[in-house]
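# Working through the structure, step by step
Letter by letter, the chains look like this.
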Amino acid sequence: MKGFEAKKLFSSIMPVILVLSLLPPSSSATEVDQGKEDRESQQQIAVAIEEQMQLADRGSRLHEDLRNISSDREVAVIVHLSKQPVALEEGIQSSKGKTFSLEQAIGVKANVEAQQAQVRNELQEKNILYEETHAYSTVLNGFSALVKADDLKKMLEVPQIRYIEPDTRVQVKGNASQPTATVQAANSAPSVPAFLGVDKLWAEGIEGEGVKVAVLNTGIDPDHPEFRGIYKGGKNFVKHSFRYTKQRPENDPSETRPSERPSDVPEVNEDGTPYATSHGTLAAGAIAAIGANPFGYKGLAPKVDLYAYRVLGAYGVGQVSWVLAGIEEAAEQDMDVINLSSGFLGSAEPDILAYAINNATLAGTTAVIAGGSDGSFNSSIESPATSHLGIAVGTTTLPQEKYSGAITARIGEYTLKRTANLMAATFNQSPSDQLTEEYELVAVPEAGQPKDYEGIDAAGKVAVVAMGRITLEEKIRVAKAQGAVAVFLHNVKNEEKAPKPSGSFIGESFDFIPAFDLSQPDGEALRSHLKKEKGSAAFGAFKTALTKGDEVDEYSAQGPSYTPYDIKPDVVAPGMRILSTKPIYKADFPNTDYSQAYTHESGNFMAAAHVTGIAALLKQAHPDWTPFDIKVALSNTAKRLDKKKYDVFAQGAGRVQAFAAAHPKVLAYAQDKAVLNKTGFLVDNPKGTVTFGEYSLKEKNLSVSKKILVKDIEGGGGQYKATVEVTQPHRDTKVTVDKPAFNLAKEEELTVTLTASKTEEEDTEAAIFGFIHLTKGDMTISLPFAAGLGKEQNIEIEQAVLSERDLSPNGDGVKDKARLSFELTGDVINFDVSLFDLNGEFFEGQAIFTEVGYLFEEGALKKGKHNFLIDGTYRPWNGDPRATIPDGLYGIQFIGRIVDDEGFPALVNSISPFIVKTTQPLITGAISGSTATGKVTDKYVDYNKDLRGNEKDYDLNEKLKAAYIVTRNGEEGDPVPFNLNQDGSFSVPVPTDEEVETITVHVTDAAGNKGDKVLYQK
């Protein structure tokens, strides 16, 4: 059986590569060549502008996913217009060394809005009906809308429309792992502020006062005491839909609440994500909690002006258009710093969120973006963290206390004595104070879910629970809810490190009770003996040790950002087991108590929140610093982590150090080259990393040089040494600096050269990484560098289009067939197109889908466009003859290979959902008075429930078109459409005059099957 993950479906992914760009901070303490510094700033801005100008020059076009589709169904799109938005125009003027006044901004905005009004008029004249959802004029000129697929190409006939792309679904960046922690001898863990040097800035009066910070996430709990006095309001950009019981006002950015969930929408979806959200409140607390608690917890910038923009709704899911609206609002409201933790793997064409972040940066807003938690493999960095000008953040661990204790379990004549590690503990409590007696043991069957406790009294006892099936956190929470005082979590076969203890470390929470990590044999022995007689457990000899910290999380996303083989993330910060605020939803529960509204949370979004808080502190400390200044200060002063374990694509410049970033003595800028405009003129592109690019060594020797400009920020000058540290060598490749020693007087330019010899060896992963160190005494700053030396032709599947997503192969001539078309950018030696059943099982929160057979199995395919007919048949996986595809919910996956290796498919692309359905809708109901009530029973209702867990569900009325027809005097009237509820039920007013002879309900599904039912006959 083969399987693939839900998150990999429909990945028509074309990474947009955005160059990391940095500007030097200004300083009144050093007499620098202001003209030269201004020119560098102008050139930097020009790089970000050029990409967008080239996009505009490509002419009116549709995104590849919108080409060759035609139907009357509505699609969500974002429409780009031709005039430059306000922020981009501001950047254009800055790149020319000109100022951009408020009057100019007002004028540009008026011109943009006038163009939008003209486009609306022209669309109306062409009878193109659409629903506009958001309009943009600052970070983008355009609007988002729902429009019929048939009208997309007609929209391009409007001259001012330059580009139309899908309004893609986005979601909160996933939680990180819970890895085994390396322990060192120590007694107490530092707080986050102390660990990052923030407490030293607080001592200087730097707490973020006067700095405006907006969190673009799932919202906020506005009633939380930690936000009292600093929360200034916000906006809701989530569009109302059938997923909510009531519509939100625009000024309500609170978290999605339990009370908003309709009865037919699950409380927890199939990947374990709750309907009610919390990410925004967690991030806001890490940034700015004021310390309204008795245990000394505070956010990093507790005196900022805090704003919340709700851009993600239930389950933490949203649309690109909602996030764009939040970025637009932040730029228009002159936010100093924004925090963004939503995105998707890879990037579309173009990456609209990255462009919006670039433009917001040009308008003066520092954007801090979570890089993602989809795994530590090359180029796993997620959009929009690929932005030129945003600050992409990776995840590290924080030193934390870890408990161990002696346990003695007695069951009849059997005794178990062990010193066991605690994987979890109750926040702000010591296990030695909690577990002072001897407690009865109780074995819990299965996975330790609430249903597994039926018939078991766990109150005041120690629960013995097996690992697996649900998260460790959930097992502990359930045990506590059942009244247990502690829990023994024992390993099981096939779990990590079995049969030994798991080694997992979760941390502390008010939601937890002490949880001990036991081996598989110990757990099985306890269970075996507890079946025969009762037992008890006692505890003692509790000890604490301190985890090392500064370890990059195994799921923290990595670079490079292709091309030009750029280093991402920019910096890393602690994001594991971080104490923060959690929502209690006072609007739903007015008498709730916030004294325990705190929890430890892990995830890349927590790391990004910490960098956001530090960015706010830097803005207060240096009000004249631009977003470029803040980014370069964070990068240049970061702490380099273990270089043997973490290369430059894992840690970027290193782990942030707040105090050092606020007080830099010198800073260094790599002078890259970029095309300024279509004349081909090359300009400097100063940044905080040395990007040599990616090359092939097959044809000739390589020599590439880059410049580094070193600037004296504090005016101390003196003798410096420049050294090169190679952390990943490659053959005879060398990196050298032309001035190993130099005297810094204001500024100094260095030349760094990469050389490598020609080779015929095939090594697509060949690369050289390292750091360039600039040292004076005990002070060192460093610039990471990287070069790819195994560049090969990348073959992609482009413009993958399925003409029909709904098929009914029953021979009636209606949607019996479909066409699959795509374009290959190179040759493949073989390929197949598989059919997967999406009614799969879930394992560790991920859907595992079953391969049911093959639509096509072919040999070699040449570069170019291809078109295949799906005739409604497939070949089953077991080798049986081709047969008609059974009704079902499917995904289609293309797998192609460029080398003769069955274990390594070079090309993978998926489209889902693909629905095959030949049954008619079944209608039941009756008419009472003037209302027709009833229900449509149909597989589209069932399929939607299955898709909801994968965030691919649809509005049922897109798939089932319902109408009633009234017959009077023997003649049928026109169909009267009406909407179904999401469970298929309906209640619709109907005429009751005496001339009515029959009322018939008709339902046509998206696959062309029709059902009808006479509800009234005279």
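Residues numbered from 1 in each chain as written. Predicted model: local features only at pLDDT ≥ 70, side-chain atom pairs only at ≥ 80, totals over all residues. Heavy atoms only, no water.

## So, unusual backbone geometry
Note that the residue after S383, namely P384, is joined by a cis bond; omega there is 10°. The topology assignment puts P384 in the loop between β15 (382-383) and β16 (391-396). Cis geometry is adopted by the peptide bond preceding P499, which originates at A498 and carries an omega value of 10°. Here P499 is to be found in the loop between β21 (486-490) and β22 (507-509). You will see that A541, though not glycine, has its phi angle at about 50°, which is positive. Of the residues examined, A541 reaches a relative accessible area of 57% and is grouped as exposed. Phi is positive for N969, which is not a glycine, with a value near 55°. As for its position among the elements, N969 is in the loop between β50 (960-968) and β51 (971-972). (Helix = DSSP H or I, 4+ residues; strand = E, 2+ residues; numbered from the N terminus. Buried < 20%, exposed > 50% of the residue type's maximum accessible area, 1.4 Å probe, protein only.)

## Points about the pattern of salt bridges
On inspection of all chains with the given rule, the structure shows 35 salt bridges. In this structure, E207 and K303 form a salt bridge, with 3.3 Å as the shortest nitrogen-oxygen distance. Here the residue E207 occupies a position in the loop between α6 (198-203) and β8 (212-217), and K303 occupies one in the loop between α7 (279-288) and β10 (305-310), the gap between them amounting to 96 residues. Relative accessible area serves as the criterion here: at 42%, K303 is assigned to the partly exposed category. Notably, a salt bridge pairs D570 with K631, separated by 3.9 Å at the nearest N-O pair. With D570 in the loop between β24 (536-547) and β25 (571-574) and K631 in helix α14 (residues 627-636), this pair connects stretches of sequence that are 61 residues apart. Across the pair, exposure class does not vary: D570 and K631 are buried alike. (Salt bridge = Lys/Arg side-chain N within 4 Å of Asp/Glu carboxyl O.)

## A look at the packing of α7 against helix α13 (residues 604-621)
Following both chains from N to C, one finds α7 and α13 inclined at 40°, their axes separated by 8 Å at the closest point. When you trace α7 past α13, the crossing you get is right-handed. Contact with α7, carried on its side by H279, L282, A283, A286 and I287, involves F605, M606, A609, H610, T612 and G613 of α13 and no other residues of that element. Partitioned by chemical class, the residues of the contact of α7 with α13 number seven nonpolar, four polar and no charged. (Axes fitted to C-alpha atoms, helices over the stretch in contact; angles between N-to-C directions. Left-handed = near helix turned anticlockwise from the far one by under 90°. Contact = heavy atoms within 4.5 Å. Nonpolar A, V, L, I, M, F, W, Y, C, P; charged D, E, K, R; others polar.)

## A closer look at the nonpolar core
Of all hydrophobic cores here, the largest spans 54 residues; its most connected members are L306, V611, I614 and L634. Ignoring any residue separated from it by four or fewer positions in sequence, one finds L634 in contact with I391, V571, V611, I614, L618, V656 and A661. Counting 42 residues, the second-largest nonpolar core is a separate cluster that includes Y136, Y244, V265 and I338. (Core = buried A, V, L, I, M, F, W, Y, C linked by side-chain atoms within 4.5 Å.)

## Thoughts on the sheet that holds strand β37 (residues 779-788)
The strand order across the open sheet formed by five strands is β30-β37-β36-β32-β34, and the pairing between neighbours is mixed. For this open sheet the edge positions go to β30 (690-694) and β34 (741-744), each flanked by a neighbour on one side alone. Between one strand axis and the next, the sheet turns by 25° as a mean value, whatever way the strands run. In this structure, strand β32 (residues 718-728) lies alongside strand β36 (residues 767-776), joined through seven bridges in antiparallel fashion. If you follow V726 over to β36, its bridge partner there is G770. (Pairing = 2+ DSSP bridges.)

## Describing the sheet that holds strand β4 (residues 142-148)
Strand order in the open sheet formed by five strands is β1-β5-β2-β4-β3, and the pairing between neighbours is mixed. If you trace the sheet from one side to the other, it starts and ends with β1 (61-62) and β3 (130-136), each paired once. In this sheet, strand β5 (residues 161-166) lies alongside β1 in parallel orientation, the contact comprising two bridges. By the bridge assignment, L62 is partnered in β5 with I164.

## Things to note about the side chain of S137
Here S137 lies in the loop between β3 and β4. In terms of polar contacts, S137 uses its side chain to reach the side chain of K109, at 2.8 Å. Setting aside residues up to four positions removed in sequence, S137 forms contacts with P85, V86, K109, V112, E113, Q116, E328 and E332. (Polar contact = N/O pair within 3.5 Å; in protein donor to acceptor, adjacent residues only side chain to side chain.)

## Structural notes on empty space enclosed by the protein
Applying the stated criterion across every chain yields a total of five cavities of 30 Å³ or more. Approximately 80 Å³ is the volume attributed to the second largest cavity. In terms of lining residues, the second largest cavity is bounded by I797, A800, L820, F822, V833, I892, Q893, F894, N909, S910 and I911. For the lining of the second largest cavity, the class distribution of residues is eight nonpolar, three polar and no charged. (1 Å grid on protein atoms, 1.4 Å probe; cavity = no way out; pocket = protein on both sides within 12 Å on 5 of 7 lines; lining within 4 Å. Points joined across faces, edges and corners; volume = space filled by probe spheres on them.)

## Quick look at α14
Across the 10 residues that make up α14, a large majority, 10, are buried. P627, F628, D629, I630, K631, V632, A633, L634, S635 and N636 are the residues of α14 that are buried.

## Some thoughts on the layout of surface pockets
In this structure, the second largest pocket encloses a volume near 730 Å³. Among the elements of the structure, α5 (192-196), β17 (401-411), β18 (414-426), β22 and β26 (578-581) are those that each provide at least two residues to the lining of the second largest pocket. For the lining of the second largest pocket, the element with the most residues is β18, which contributes four residues.

## Concerning the packing of helix α8 (residues 320-332) against helix α9 (residues 352-362)
It is at 10 Å that the axes of α8 and α9 come closest, and there the two elements cross at 5°. Between α8 and α9, the angle is such that the two are roughly parallel. Residue-level inspection shows V320, V323, L324, I327 and A331 of α8 in contact with α9, the latter providing I352, L353, A356, I357 and A360. Of the residues contributing to the contact of α8 with α9, the split by class is 10 nonpolar, no polar and no charged. (Parallel < 35°, antiparallel > 145°, perpendicular 65-115°, else oblique.)

## Quick word on the packing of aromatic side chains
A complete count under the given rule lists 28 aromatic pairs for this structure. On the numbers, 4.8 Å between centres and 70° between planes, the contact of F822 with F894 is edge-to-face. Taken together, the residues span a long stretch of sequence, with F822 in strand β40 (residues 818-824) and F894 in strand β46 (residues 888-897) at a distance of 72 residues. Accessibility assignment for this pair places F822 and F894 in one class, buried. Here a set of aromatic residues connected by ring pairs shows up, and it is made of F295, Y297, F427, F510 and Y598. (Phe/Tyr/Trp six-rings, centres within 6.5 Å; stacked < 30°, edge-to-face > 60°.)

## Re the confidence of the model for the chain
Mean pLDDT for the chain: 85, with 86% of residues reaching 70 or above. The low-confidence segment residues 345-350 (pLDDT under 50) makes 27 contacts with residues lying over four places distant or belonging to another chain. Low confidence marks residues 901-905, where pLDDT is under 50. Its contacts with residues over four positions away, or in another chain, come to six contacts. (pLDDT = per-residue confidence, 0-100.)

## Side note on helix α3 (residues 102-125)
Taking 1.5 Å per residue, 24 residues should reach 34 Å; α3 reaches 35 Å between its end C-alpha atoms and fits that length. Along α3, the positions that sit buried rather than exposed are A105, V108, V112, Q115, Q116, V119, E122 and L123. Positive phi appears at N127, one or two residues downstream of α3, with a value of about 60°. (Expected span 1.5 Å × (residues − 1).)

## As for the pairing of β21
Of all five residues in β21, five are buried, a share of seventy percent or more. Going residue by residue along β21, you find A486, F488 and H490 tucked away on one face and V487 and L489 tucked away on the opposite face as well. Sheet topology note: the strand β20 (residues 462-466)/β21 ladder contains five bridges and is parallel. Bridging across to β21, A466 finds its partner in H490. Taking the sense of rotation as the criterion, the β-α-β connection linking β20, helix α11 (residues 472-481) and β21 turns out right-handed. Across four bridges, the pairing between β21 and strand β23 (residues 515-518) is parallel. Each bridged residue has a counterpart across the sheet, and for L489 the counterpart in β23 is D517. (Right-handed = clockwise from strand over helix to strand, strands pointing away.)

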